[in-house]
Amino acid sequence: KAVVSTQSTGGQFAGVENFGEMVSQLGLYTVTVLVGIAIHFFVVLPAIFFAFTRRNPIKYYYNMLPALATAFGTASSSATMPVTFKCVEESNKIDRRISRFVIPVGATINMDGTALYEAVACLFIAQVEGISMNFGEVVVTALTATLAAIGAAGIPSAGLVTMVMVLNAVNLPVDMISVILTVDWFLDRFRTMTNVMGDALGCAIVQRMCSEELEEMDRNKVVVEGEKKGDIEMGPPL
């Protein structure tokens, strides 16, 4: 598979009149993706987190550093999941009942970094091919990228598979995916960090929204345990 991908990429570059221009375009594409991810990671996500929880996002981010480092190294939100559990539950004091539900679901559905990446990649391919996209096509690209990211697996470069769906939605050439393969391995690590952080922040938001229900469950548990303890002390009926 690696040989086929390399040959395909080489074929795409061979069709470009100015190789240096293509390399420059890939560089600008990489910078665009990183800037978009940075804005989402350092501005949008902390703002949403603070609006719902009224907690300090800087401290929460700091406690997630081991999970973020694992996400960067593995480029897989599924492989990072055990470390994410530890950081969320032990360092950020999230209820285990919340984290054990939200994080596995988020590792499959909450792919905000992947959605952002796929939308930018489609616009880049359209520009390289000299295809002008109107406002409606840009909206379709954004919506399709969001929906396609939901079905992406939590493994390295899974977004490239679902990107085929996005490209077909706006009639862009699918074979141009081989061009962005040269930088995908690098960008995949940053979008995985964004996905993992989104899952972790989602745990805190869900816990805040369900705080009353969790307290009621804890009170009911104490009452039930007290009744059981009382029955044991009284012994069996005569």
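Anything mentioned here points back to the structure above.
About the criteria used
Residues numbered from 1 in each chain as written. Predicted model: local features only at pLDDT ≥ 70, side-chain atom pairs only at ≥ 80, totals over all residues. Heavy atoms only, no water. Helix = DSSP H or I, 4+ residues; strand = E, 2+ residues; numbered from the N terminus. Buried < 20%, exposed > 50% of the residue type's maximum accessible area, 1.4 Å probe, protein only. Contact = heavy atoms within 4.5 Å. Areas by Shrake-Rupley, 256 points an atom, 1.4 Å probe, with all protein chains shown as cover. Axes fitted to C-alpha atoms, helices over the stretch in contact; angles between N-to-C directions. Parallel < 35°, antiparallel > 145°, perpendicular 65-115°, else oblique. Left-handed = near helix turned anticlockwise from the far one by under 90°. Nonpolar A, V, L, I, M, F, W, Y, C, P; charged D, E, K, R; others polar. Salt bridge = Lys/Arg side-chain N within 4 Å of Asp/Glu carboxyl O.

A separate point is the overall build of the chain. Along its length, the chain carries eleven helices and zero strands. Secondary structure elements of the chain, listed N to C terminal, follow the sequence α-α-α-α-α-α-α-α-α-α-α. Sorting the 238 residues of the chain into buried and exposed places 41% on the buried side. Here the contacts in the chain between residues at least 6 apart in sequence split such that 76% fall between residues at least 24 apart. Element-wise, carbon and sulfur atoms account for 66% of the exposed surface of the chain, whose accessible area totals about 13100 Å².

Right, let's talk about the packing of helix 5 (residues 77-91) against helix 10 (residues 177-209) for a bit. A pair of packed helices can be characterised by two numbers: the angle between their axes and the separation between those axes. Following both chains from N to C, one finds helix 5 and helix 10 inclined at 40 degrees, their axes separated by 11 Å at the closest point. In terms of orientation, helix 5 and helix 10 fall into the oblique class. In the crossing of helix 5 with helix 10, the sense of the turn from one axis to the other is right-handed. Along the contact surface, helix 5 presents Ser77, Thr80, Thr84 and Val88, while helix 10 presents Thr192, Val196, Ala200 and Cys203. Of the residues belonging to the contact of helix 5 with helix 10, the class tally is four nonpolar, four polar and no charged.

This part takes up the pattern of salt bridges. Following the criterion strictly, the structure yields five salt bridges and no others. We note a salt bridge from Arg100 to Glu89, for which the minimum N-O separation is 2.7 Å. Placement of Arg100 in helix 6 (residues 96-109) and of Glu89 in helix 5 is noted, with a sequence separation of eleven residues between them. Judged by relative accessible area, which is 35%, Arg100 ranks as partly exposed. Classification of Glu89 as buried rests on a relative accessible area of 17%.

Position of Ala38 relative to the elements: it lies in helix 2 (residues 19-53). A relative accessible area of 29% places Ala38 in the partly exposed class. Sequence separation between Ala38 and Arg191 is 153 residues, and the spatial gap between their C-alpha atoms is 9.6 Å.

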